[in-house]
Protein chains: 2
Amino acid sequence: MNIYDVSSQAGVSIATVSRVLNGNPNVSEKTRSRVLAVMEELGYTPNVFARGLGLGTIRTVGIMCSDSSDPYLAHAIYYLERELRSNGYDAILCCTGSLLDIKRQYFDLLRSKKVDAIILAGSKFIEMRAKDNSYIIDASQEIPILLINGYLEGDNIYSTLCDDHMATYQATDQLIASGCRDILYLFTSVSYSGANKLEGYRDALTAHGLEIRSEYIHQCKKDILSARDLLLRLHHSGLIFDAVLASDDQLAVGAVKYAHAESRAIPDDLSIIGYNNSSYAICTDPELTSIDSKVEALCTTAVNTLMGVFNGSNVPSRTTIAADLIKRATTKF
Amino acid sequence: MNIYDVSSQAGVSIATVSRVLNGNPNVSEKTRSRVLAVMEELGYTPNVFARGLGLGTIRTVGIMCSDSSDPYLAHAIYYLERELRSNGYDAILCCTGSLLDIKRQYFDLLRSKKVDAIILAGSKFIEMRAKDNSYIIDASQEIPILLINGYLEGDNIYSTLCDDHMATYQATDQLIASGCRDILYLFTSVSYSGANKLEGYRDALTAHGLEIRSEYIHQCKKDILSARDLLLRLHHSGLIFDAVLASDDQLAVGAVKYAHAESRAIPDDLSIIGYNNSSYAICTDPELTSIDSKVEALCTTAVNTLMGVFNGSNVPSRTTIAADLIKRATTKF
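The structure presented is a predicted model; accordingly, all values stated were derived computationally and were not measured.

Right, let's get into helix H2 (residues 14-21) of chain A. Three or four residues apart is the spacing at which side chains of an α-helix point the same way, because the helix has 3.6 residues per turn. Buried within H2 of chain A are the following residues: Thr16, Val17, Ser18, Arg19 and Val20 of chain A. Contacts made by the buried residues of H2 of chain A are with helix H1 (3-10), helix H3 (29-42) and helix H11 (295-311) of chain A.

Dropping the structure here:
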């Protein structure tokens, strides 16, 4: 018995039921009476673990991330916790790793705790095969699911995304405008976000009439030394490249180390662009040009969306935020 | 009414009460009867929010950290959450910032949630003035308090520490053995851990008959560019130094950037040692020699200690773990 049963039985939206529960005045008396009657008829009662200020809620949101020690996700957790806290909600954190079975176990655990919502932080939670995401769709029948930089279509699923496609499109476009022609693309994951980044790179090449060559597109562990070693191998195999666009700053740091190892001048002989504009970007000499993927804005927006859902407001199921290209010393522009 | 009242009234230790609650067989029948009688007499009942497998517990531990986006603390949170989870406990995370009033507010919030214990991650939670720590001492009358790399004396307070004094002592000793005489010490905080690191540096100088000079000891924001700029200012003020020992890798990265800016050869003209052996240590060229402060071992040990407390085992109130000096390319040894 839950809010969804009430909604369906009363023939009103979940938002309307939520408004009634929250005492929101924007509900007609007639609708309010019908919803309350259905609640009584169905024996709908607030969650037995209710102990917060809200009705039928423990005022706790579950946050899942694949790895809280990853700098991007560490910042996401920081901002999500801060925003939830400022709205009077606790955050239960689960670090899941990347295996689907383990992610599902954590997800079920959070549901069994009767959390008010689950936030999936990072794009690693949406699988390529639709049936592998069905547990998320199923859960969204009962609680709102929020995705930070991931996308899944569903009625009670809300995505807050960085426009990764536009970001890599513009970065590639600027590399080409500054004279680069043989641009390597390094990426770590084929998530929704990862696929959009790659597509932006490809579309920019196509827009400039340049060929998309598979030998210029490489997947790599999210690890500085793995990226450096990959570039050393490509270099020694004879591949000619004058720029590296990376899906993460760690890979771009590896590219700087490769350039140092081979005495290639940055940016005159090799341009490099990272992603996330993390503190890695200022570790290197020269410092990295990097795409700021606006993690703080994403997290603030996602929590605002969630509060809107709780309050029964109309909220968009998908919000996209533009990235910024932060220009430093590894590019000619 | 809590476990402490039962312990005091029955004239047995908290550990014994805990053993009785957990059905641990290592309690005599006589003692068990007395404890159960006192519980009945005092009307001691498990926590009303009990919903986990344990008795009188919500199987949830509060973790406080000043900033989850700091790499050291981000890793600490990751390991703490993993270890708590594997023992069947949830983690509620609070990122507190560094202001005492805010830290106290979060602490009180966690206590009001009836968490089973509070872990204070990082050395920023223990204040210099004893009265500023009294809220922690008071809380330890009711729940165990765990400190990761902080120390506070108290009956139900458990500290897991890295031997920071020994770590900086040995690092300074090796710098001196490799020919350095004018060693700058950069640090970010005057916490318990921070004070021990500084003392290790001072003691090593003294052991070698070298003078401790205040112009060689500088506090700095935990920020790469702040450290670089501080060193540039000291350099231009005419200070002569042949080594930098830093309390955090970020500052050591700043030292590498200073050396590059002034074309000083690393390590021949300038040796550099960082602290924490984070991924920052491999961002730079040359890569940083850094002290591995064993954050994973600290967190695993702390959670084991906590489980021991819950099970009524005898656990040490203070555990110290030795650091490792990881030698890379910024030192001559």
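Attention now goes to the interface of chain A and chain B. Across the contact, 33 residues belong to chain A and 33 residues belong to chain B. A buried area of about 3300 Å², summed over both sides, lies between chain A and chain B, and 56% of it is on carbon and sulfur atoms. At the surface where chain A touches chain B, the tally comes to 8 salt bridges. For the pair chain A and chain B, the number of links is 22 residue pairs in polar contact (both at pLDDT 80 or more). Of all the elements in the fold, those that place two or more residues in the side of chain A that touches chain B are helix H4 (71-86), strand S2 (90-95), helix H5 (100-112), helix H9 (224-236) and helix H10 (249-261) of chain A. Classifying every residue of the side of chain A that touches chain B by side-chain character gives 17 nonpolar, 6 polar and 10 charged.

Here we take up the packing of aromatic side chains. Across all of its chains, the model carries 15 aromatic pairs over all chains by this definition. Look at Tyr78 of chain B and Tyr79 of chain B: their rings are 5.3 Å apart centre to centre, the planes differ by 75°, and that puts the pair in the edge-to-face class. Residues Tyr151 of chain B and Tyr192 of chain B carry aromatic rings whose centres are separated by 5.7 Å and whose planes lie at 40° to one another, so their mutual orientation is tilted. Of this pair, Tyr151 of chain B sits in the loop between strand S4 (145-148) and strand S5 (157-162) while Tyr192 of chain B is found in helix H8 (residues 192-207), placing the two residues 41 residues apart along the sequence. One residue, Arg264 of chain A, lies across the ring of Phe241 of chain A, its end atom 5.2 Å from the ring centre. Here Arg318 of chain A stacks its cationic end above the ring of Tyr151 of chain A, 4.2 Å away from the centre of that ring.

Residue and element names in this part refer to chain A. Strand order in the open sheet formed by 6 strands is S7-S6-S8-S9-S10-S12, and the pairing between neighbours is mixed. Where the open sheet ends on each side, the last strands, each with one partner, are strand S7 (217-219) and strand S12 (324-326). Strand after strand, the sheet turns through a mean of 20° between neighbouring axes, direction not considered. Pairing analysis gives 3 bridges linking strand S9 (residues 271-275) to strand S10 (residues 289-292), with the strands arranged parallel. What sits directly across from Tyr275, in S10, is Ile291. Against the sheet, H9 contacts strand S6 (183-187), S7 and strand S8 (243-246), and its axis sits at roughly 145° relative to S6. Each of S6, S8, S9 and S10 is contacted by H10, which is oriented at about 155° to S9, the strand it contacts most.

A separate point is the environment of Gly200 of chain A. Take Gly200 of chain A: it is sitting in helix H8 (residues 192-207). Each C-alpha atom, one on Gly200 of chain A and one on Met166 of chain A, is 6.1 Å from the other, the two residues being 34 residues apart in sequence.

For residues other than glycine, phi is negative in most cases, and the peptide bonds are mostly trans. Residue Pro267 of chain A is reached from Ile266 of chain A by a cis peptide bond, and omega for that bond is 0°. Along the chain, Pro267 of chain A turns up in the loop between H10 and S9. Of note, Lys114 of chain A is a non-glycine position whose phi angle comes to about 60°, a positive value. Locating Lys114 of chain A in the fold gives a position in the loop between H5 and strand S3 (117-121). Its identity is not glycine, yet Asn277 of chain B carries a phi of approximately 50°, on the positive side. Secondary-structure assignment places Asn277 of chain B in the loop between strand S9 (271-275) and strand S10 (289-292).

For the pair chain A and chain B, the superposition axis carries a translation of 0.0 Å, the fit reaches an RMSD of 0.1 Å, and the rotation angle comes to 180°. Considering both components of the superposition, the chain copies are consistent with a two-fold axis. Identified as the residue of chain A closest to the rotation axis by C-alpha distance is Ile92 of chain A, at 2.4 Å. Most of the interface of chain A is mirrored in chain B, where 100% of its interface residues again form contacts.

Calculation criteria
- Residues numbered from 1 in each chain as written.
- Chains lettered and ligands numbered in written order.
- Predicted model: local features only at pLDDT ≥ 70, side-chain atom pairs only at ≥ 80, totals over all residues.
- Heavy atoms only, no water.
- Buried < 20%, exposed > 50% of the residue type's maximum accessible area, 1.4 Å probe, protein only.
- Helix = DSSP H or I, 4+ residues; strand = E, 2+ residues; numbered from the N terminus.
- Contact = heavy atoms within 4.5 Å.
- Buried area = accessible area lost by both parts, 1.4 Å probe.
- Salt bridge = Lys/Arg side-chain N within 4 Å of Asp/Glu carboxyl O.
- Polar contact = N/O pair within 3.5 Å; in protein donor to acceptor, adjacent residues only side chain to side chain.
- Nonpolar A, V, L, I, M, F, W, Y, C, P; charged D, E, K, R; others polar.
- Phe/Tyr/Trp six-rings, centres within 6.5 Å; stacked < 30°, edge-to-face > 60°.
- Lys NZ or Arg CZ within 6 Å of the ring centre and 35° of its normal.
- Pairing = 2+ DSSP bridges.
- Axes fitted to C-alpha atoms, helices over the stretch in contact; angles between N-to-C directions.
- Least-squares fit on C-alpha atoms with pLDDT ≥ 70 in both.

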